[in-house]
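A closer look at the structure
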Amino acid sequence: MAQKGVQLDRETFSCSICLDLLKDPVTTPCGHSYCMNCIKGFWDEEDHKQSHSCPQCRQTFTPRPVLLKNTMLAVLVEELKKTGLQAAPVDHRYAGAEDVACDVCTGRKLKAHKSCLMCLISYCEKHLQLHYESPAFDKHKLVEPSEKLQDNICSRHNEVMKMFCRTDQQCICYLCPVDEHKGHDTVTAAAEIAERQRELDGSRLNIQQRIQDREKDVKLLHQEVEAINGSADKAVQDSEKIFTELIRLMEKRSSDVKQQVRAQQKSEVSRVKELQEKLEQEIAELQRKDRELKKLSHTEDHTQFLHNYISLSPLSESTPSIKIRPLRYFEDVTAAVSEVSDKLQDVLSESWTNISLRVTEVDVLLPRPEPKTKADFLKYSREITLDSNTANTKLLLSEGNRKAKRLIQPQSCSSHPDRFTYYVQVLSRESLTGRCYWEVERSGGVYVAVTYKNISRGSSIESKFGLNDKSWVLDCDKNSYNFWYNNVKTPVSGPKSSRVGVYLDHSAGILSFYSISDTMTLLHRVQTTFTQPLYAGLWVYYDGSTAELCKLK
């Protein structure tokens, strides 16, 4: 019995909203007590209503009561805490602030188990039994607990809305078709729900199918990520192995050259020293002979002089004079190694473009949106310069090799296998792969081109931009545009402008030309397959005309 009394005390001093011991207790005009923050929070949610209610007895108050801390209750709760009394155990059967309460319960209300659309009342499990047991409630529609049951009542006729107006797409009661919905397409709410349910089922099937499709796609992409990572790791490992082997080979060649140079150095120094010793011996012999002759020359006894002179041994054969040619010694070796280095750098430079292209050609073939705004295009802007070794002699390059002007008379230029000798054309120094964007400012007639580097350079028609399958050209004349590829001309319409923008997505095979003014206007778009790195090209075909690769910010 004592334990039951303690349990009663716990319930008495617990807040029915948070189900914990009262904190800063306040008492409503109806006599129920709550934590101050709990009841304020509850009423804050009811501020849109004209009155406020007690969560337990549902008594309403207008205006909102001003609550003051119940000091006596607060002192009592504190005393109970000191004696070891704890908060009442949470009873999940009772409705909290966020739950739908049973409308039939009195006092502390239990949670509603179902709401009835006919009765417009929510019931706990105990009070719901009559709906299950009595045949009178067979036609009643039970749904999950809802606080919005009043939304089922027609505000005009105060009847339950069991019909649906398809014309106005709203629920109505059976009296609405008589007046404001007269002549409208109306059906029972059940029929509309059945129709919408079929649509819902269809939508769900579609969603579920899409979920399955997307899950398959996600799985494929996961596999693609693993494949990309695996392939990249193998490429890095193999490349490192190959470059390590190349480095080892270069180190071996370096060691071989060093050994050969040192061996030859030793041999040549040995020969020189051998000859040097021979000459030094000859010098010593000649010096000795000179001393004998000097001594003989001072002999005063004629008989003795003649006798000694006749007995003199002849001089040994003289070593031929040493003639030192102006030699470069091992400088030629350095020159030969330097020549190998230059050739190797050329090979690596040419091969690097191919390696870089192979890297950028790796594409999962996922859809990649093309740029839409100028800012999007500028993300791919490239600083491009013109290659003077390719420029026809009638083109004068300036502005850091970004601008080309056509001259009347050709300039004197050194011959180069990459130079255009007939058509007044020039290529960029940089190869173009991946995504690139650049702009050309022109005056007069200009071909704005992209081309493979192996385009012909002579006087044949295949050397001209656009008249072969190696180049794609926008012909920008004073009053018209034309696109050329493989000697096929395609007229192009669009606003005339002195500036042309070029967008290239090499791996996607997209090439687009734009008229640039205050806005960007697409002039022509190509979808193809590029098999080599591309180069920007210009052909200036009027004397005095210019074309400049713009600096983009």
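Residues numbered from 1 in each chain as written. Predicted model: local features only at pLDDT ≥ 70, side-chain atom pairs only at ≥ 80, totals over all residues. Heavy atoms only, no water.

An unreviewed UniProt entry lists the chain under the name E3 ubiquitin/ISG15 ligase TRIM25-like, from Sander lucioperca.

Overview of the sheet that holds strand β17 (residues 481-485)
Strand order in this open sheet of six strands is β13-β22-β15-β16-β17-β18, and the pairing throughout is antiparallel. Unpaired on one side and paired on the other, β13 (425-432) and β18 (488-492) mark the two borders of the sheet. Each adjacent strand pair in this sheet contributes to an overall mean axis angle of 20°, direction not counted. Note that β13 and strand β22 (residues 534-540) share five bridges and pair antiparallel. (Pairing = 2+ DSSP bridges. Helix = DSSP H or I, 4+ residues; strand = E, 2+ residues; numbered from the N terminus. Axes fitted to C-alpha atoms, helices over the stretch in contact; angles between N-to-C directions.)

Considering the environment of G458
Of note, G458 is situated in the loop between β15 (446-452) and β16 (471-476). Each C-alpha atom of the pair G458 and D418 lies 9.8 Å from the other, and the pair is 40 residues apart in sequence. With near-sequence residues (within four places) excluded, G458 lies in contact with T421, Y422, Y423 and S463. (Contact = heavy atoms within 4.5 Å.)

So, the UniProt feature "coiled-coil region" (unreviewed entry) in the chain
UniProt's feature table lists "coiled-coil region" (unreviewed entry) at residues 258-299, given in the numbering used throughout. What you have in residues 258-299 is 95% helix and 0% strand, and the ends, taken at the C-alpha atoms, are 61 Å apart. (UniProt positions renumbered as here; feature names shortened; annotations may be inferred.)

Here we look at the environment of E45
Here E45 is to be found in the loop between α2 (36-44) and β3 (52-53). On the accessibility criterion, E45 (59% relative accessible area) is exposed. Sequence spacing of E45 and L80 is 35 residues, and the spatial spacing of their C-alpha atoms is 32 Å. (Buried < 20%, exposed > 50% of the residue type's maximum accessible area, 1.4 Å probe, protein only.)

With respect to the confidence of the model for the chain
Residues with a pLDDT of 70 or more make up 92% of the chain, whose mean pLDDT is 87. Across residues 1-8, confidence stays below pLDDT 50; counting only partners more than four residues off in sequence or on other chains, it has two contacts. (pLDDT = per-residue confidence, 0-100.)

Considering the nonpolar core
W438, F465, W472, L474, V502, L511 and F513 are the most contacted members of the largest nonpolar core, which has 48 residues in total. The element that contributes the greatest number of residues to this core is β15, accounting for six residues. The next biggest cluster of nonpolar side chains, apart from the first, holds 19 residues, and it includes F13, C35, I39 and V77. (Core = buried A, V, L, I, M, F, W, Y, C linked by side-chain atoms within 4.5 Å.)

A short note on the state of the cysteines
This structure, assessed with the given rule, holds zero disulfides. In this structure C30 is a free cysteine whose sulfur lies 3.5 Å from that of C54, the closest cysteine sulfur available. Unpaired in terms of disulfides, C38 finds its nearest cysteine sulfur in C18, a separation of 3.9 Å. The class of C38 is buried, set by a relative accessible area of 18%. (Disulfide = S-S within 2.5 Å.)

With respect to unusual backbone geometry
With an omega of 0°, the peptide bond running from T62 to P63 counts as cis. Tracing the backbone shows P63 in the loop between β4 (60-61) and α3 (71-82). The backbone phi angle of N401 is positive, close to 60°, even though this residue is not glycine. Tracing the backbone through its elements, the reader meets N401 in the loop between β11 (395-398) and β12 (403-406).

With respect to the pairing of β18
Summarising the sheet, β17 and β18 pair through five bridges and their orientation is antiparallel. Residue pairing for β18: F483 is matched across the bridge by T490. The hairpin turn running from β17 into β18, its antiparallel successor, is two residues long, and N486 in that turn takes a positive phi close to 55°.

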